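# Structural characterization, general
Here is how the chains run, residue by residue.
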Amino acid sequence: MAGTRVGVLGGTFDPIHHGHLAAASEVCASLGLDRVLLVPTAAQPFKEPDGPAHAEHRLAMCRLAVAHDPRLDVSTVDIDRGGTTFTVDTLEDLRAQQPDAELYFIAGADALARLSEWRDADRLLALARFVAVTRPGHAMSPSSGAYAVVEAPALDVSSTDVRRRVGEGRPIRYLVPHAVADYIQEHDLYIGGTDD
């Protein structure tokens, strides 16, 4: 694993959708990364613990979504640790697992604009390079070189919308991978309760 360049895309992934995958793919290609790890959270600081779908379901959906793309993989570091997920913990665990890898933490441009407010912000910059994903037409320049900016395809899909559509009995195919849509239906996820 020496010298590998690994992207890290954390999130609730409740459920994972094509927007997540498009961002991961674009960053991987744009920055010449060897692979991108999707890291489902155990629980995020500003969301309900476990959210609408339990961690085991979110993890299973992530694995299904990346099964046919050798550039993408799934890490369980946050779920294994449990509790509230903070980026600094994620990166420290991944650094311990892959000491020779160069880590690139991927997040939305809006989230990275507030990087200074994240837990142990100074430590974060020592653990990984940061990549701000923005949509076409939304200009953003790196803040003092603290992070790279990658323009990803604009896909108008969100996990909240997918959950809402499921709850309303509307189709979600083409918003999420087919295997994820099948999994949601098979396990009756997001029926009768789609709010964050």
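Quick note: structure is the one above.
These numbers were taken from a predicted model, which means no experiment stands behind them.

Helix and strand counts for the chain stand at eight helices and six strands. For the chain, the sequential pattern of α-helices and β-strands runs β-α-β-α-β-α-α-β-α-α-β-β-α-α. When burial is assessed residue by residue, the chain has 45% of its 196 residues classed as buried. Contacts in the chain between residues far apart in sequence, at least 24 positions, make up 67% of those at least 6 positions apart. About 9900 Å² of surface is accessible on the chain, with carbon and sulfur atoms providing 48% of the total.

This part covers the environment of S75. Relative to the helices and strands, S75 is located in the loop between β3 (72-74) and α3 (77-81). Taking the C-alpha atoms as reference points, S75 and P40, separated by 35 residues in sequence, lie 7.5 Å from one another. A polar contact is formed between the side chain of S75 and the backbone nitrogen of V77, at a distance of 3.3 Å.

Burial within strand β1 (residues 5-11) is extensive, with five of its seven residues counted as buried. In this structure, β1 lies alongside strand β4 (residues 102-108), joined through five bridges in parallel fashion. Following the sheet pairing, L9 is matched in β4 by I106. Examined bridge by bridge, β1 and strand β2 (residues 35-40) share six bridges and lie parallel to one another. Among the inter-strand pairings, G7 is bridged to a residue of β2, identified as V36. Where the polypeptide runs from β1 across helix α1 (residues 18-31) and back to β2, its parallel neighbour, the crossover connection is right-handed.

Our focus in this paragraph is the pairing of β4. With five of seven residues buried, β4 lies mostly within the body of the structure. Sheet analysis places β4 next to strand β5 (residues 129-134), joined by five bridges and oriented parallel. Directly across from A107, in β5, lies its bridge partner A132.

This part covers the environment of R71. Inspection of the secondary structure assignment puts R71 in the loop between α2 (55-66) and β3. Each C-alpha atom, one on R71 and one on C28, is 7.7 Å from the other, the two residues being 43 residues apart in sequence. Those residues in contact with R71 that sit more than four places away from it in its chain are S25, C28, D34, R35 and V36.

A word on the packing of α2 against helix α8 (residues 178-186). Across the interface, α2 lies against α8 with an axial gap of 8 Å and an inter-helix angle of 150°. By the angle class used here, α2 and α8 are roughly antiparallel. Here α2 and α8 pass one another in a crossing that is right-handed. On α8, the residues touching E56, H57, A60, M61, L64 and A65 of α2 are A179, V180, Y183 and I184. Each residue belonging to the contact of α2 with α8 can be placed in one class, and the counts come to eight nonpolar, one polar and one charged.

Calculation criteria
- For every chain, the first residue of the written sequence is number 1, and numbering continues from 1 onward in sequence order.
- Reporting in this predicted model follows two pLDDT cut-offs: at least 70 for local features of residues, and 80 or more for side-chain atom pairs to be given and counted; totals over whole chains, interfaces and linings ignore these cut-offs and use all residues.
- The side-chain quantities take in all heavy atoms of the structure and omit both hydrogens and water.
- Numbering of helices and strands runs from the N terminus; a helix is a DSSP stretch of H or I covering at least four residues, while a strand is a stretch of E covering at least two.
- The rule is simple: take the accessible area with a 1.4 Å probe, protein chains only, and divide by the maximum for that residue type; under 20% is buried, over 50% is exposed, in between is partly exposed.
- What makes two residues a contact is simply this: any of their non-hydrogen atoms within 4.5 Å.
- Only the protein chains shown count as cover for residues, and all accessible areas are computed by the Shrake-Rupley method using a 1.4 Å probe.
- Whenever two N or O atoms come within 3.5 Å, that pair is a polar contact, provided that in protein one can donate a hydrogen and the other can accept it, and provided that, for residues adjacent in sequence, both atoms are side-chain atoms.
- Only strands joined by at least two bridges in the DSSP assignment are considered to pair.
- The path from the first strand over the helix to the second decides the hand: if it runs clockwise while the strands point away from the viewer, the crossover is right-handed.
- Angles here are taken between N-to-C directions and fall from 0 to 180 degrees, while the axes themselves are lines fitted to C-alpha atoms, restricted in helices to the stretch in contact.
- With respect to orientation, any angle under 35 degrees is reported as roughly parallel, any angle over 145 as roughly antiparallel, any angle of 65 to 115 as roughly perpendicular, and every other angle as oblique.
- Working rule for handedness: look at the near helix, and if it is turned counterclockwise from the far one by less than a right angle, call the crossing left-handed; if clockwise, right-handed.
- Ten residues, namely Ala, Val, Leu, Ile, Met, Phe, Trp, Tyr, Cys and Pro, are considered nonpolar, four, namely Asp, Glu, Lys and Arg, are considered charged, and the remaining ones, Gly among them, are considered polar.

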